[in-house]
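What follows is each chain in one-letter form.
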Amino acid sequence: MSAPIFLIGPMASGKSAVGALVAALLGTELIDTDARVVAAHGDIPSIFAAGGEPRFRALEAQVLSDAVKEWPTSGPPAVIATGGGAVLAAANREIIARGFCVYLFTDALTVAPRIGADTTRPLLGGTPLESWKQIFATRSETYESMATLRIDTRAKTPAQIAELILTAYSDAEH
Ligand SMILES: Nc1ncnc2c1ncn2[C@@H]1O[C@H](COP(=O)(O)OP(=O)(O)O)[C@@H](O)[C@H]1O
Ligand SMILES: O=C(O)C1=C[C@@H](OP(=O)(O)O)[C@@H](O)[C@H](O)C1
Ligand SMILES: [Mg+2]
């Protein structure tokens, strides 16, 4: 079985957008853990409002462990875009460590225009950029330590990033 490709990194670094391109280039469907949580349980702000972050983390972990069961035994590898906080749980980190883990590095300046008016990410609250910086500071080391491949995504298009991932992945497989 080809190793699954996991995308990790902070909010708005491009995990979902790049993951969709990588999956399309491989001829498979992206598994986006947030999208799966939303499809089954409703939008993320409502989940946080009803059950807080712990409820969201439990659903996220469940989706990730369910995704493992779908990994194909032949054909293209699974491509999984995680949410930025999926790396917080040891059980999730263990799953991700079994695959090819791509860290999409970015910075506050780059994500600022993407999160300015964000209402979909409850952890960003009323001061998105300040919250983003604080959260990133607490997780940066974890992202770095988990990466099989680290890509500085600043000044790169999603298409360029997807190509870099596929090149590195195929080099690693052979
Ligand atoms: N490298 C990039 N260059 C320009 N825009 C990007 C890039 N990566 C992502 N985006 C855009 O930024 C927004 C957030 O990306 P998204 O994939 O949702 O991030 P994540 O899943 O990491 O939170 C989307 O509108 C996406 O199209
Ligand atoms: O970093 C986080 O804790 C979160 C990131 C979000 O996903 P993206 O990283 O795709 O925005 C989503 O899972 C939720 O709002 C929490
Ligand atoms: Mg996403």
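Residues numbered from 1 in each chain as written. Chains lettered and ligands numbered in written order. Predicted model: local features only at pLDDT ≥ 70, side-chain atom pairs only at ≥ 80, totals over all residues. Heavy atoms only, no water.

Named according to an unreviewed UniProt entry, the protein is Shikimate kinase originating from Paeniglutamicibacter terrestris. UniProt annotates the protein under Subunit (unreviewed entry) with the comment "Monomer." (UniProt positions renumbered as here; feature names shortened; annotations may be inferred.)

## Topic: the sheet that holds strand E1 (residues 5–8)
Taken together, five strands build an open sheet; the order of strands is E2-E3-E1-E4-E5 and the sheet is parallel. Across the chains shown, the open sheet's two edge strands, defined by having one partner strand only, are strand E2 (30–32) and strand E5 (149–152). Direction aside, neighbouring strands of the sheet carry axes that sit 20 degrees apart on average. Of the pairings in the sheet, the one linking E1 to strand E4 (residues 100–105) comprises four bridges and is parallel in character. Residue isoleucine 8 lies in a different strand from E4, and its bridge partner there is tyrosine 103. (Pairing = 2+ DSSP bridges. Helix = DSSP H or I, 4+ residues; strand = E, 2+ residues; numbered from the N terminus. Axes fitted to C-alpha atoms, helices over the stretch in contact; angles between N-to-C directions.)

## Digging into the packing of helix H5 (residues 108–115) against helix H6 (residues 128–146)
The N-to-C vectors of H5 and H6 enclose an angle of 135 degrees; their axes lie 10 Å apart at closest approach. Considered as vectors, H5 and H6 are oriented oblique to each other. Pair H5 / H6 crosses with right-handed handedness. Together, Ala108, Val111, Ala112 and Ile115 of H5 and Pro128, Leu129, Trp132 and Lys133 of H6 make up the contact between the two elements. Of the residues assigned to the contact of H5 with H6, the class counts are seven nonpolar, no polar and one charged. (Parallel < 35°, antiparallel > 145°, perpendicular 65-115°, else oblique. Left-handed = near helix turned anticlockwise from the far one by under 90°. Contact = heavy atoms within 4.5 Å. Nonpolar A, V, L, I, M, F, W, Y, C, P; charged D, E, K, R; others polar.)

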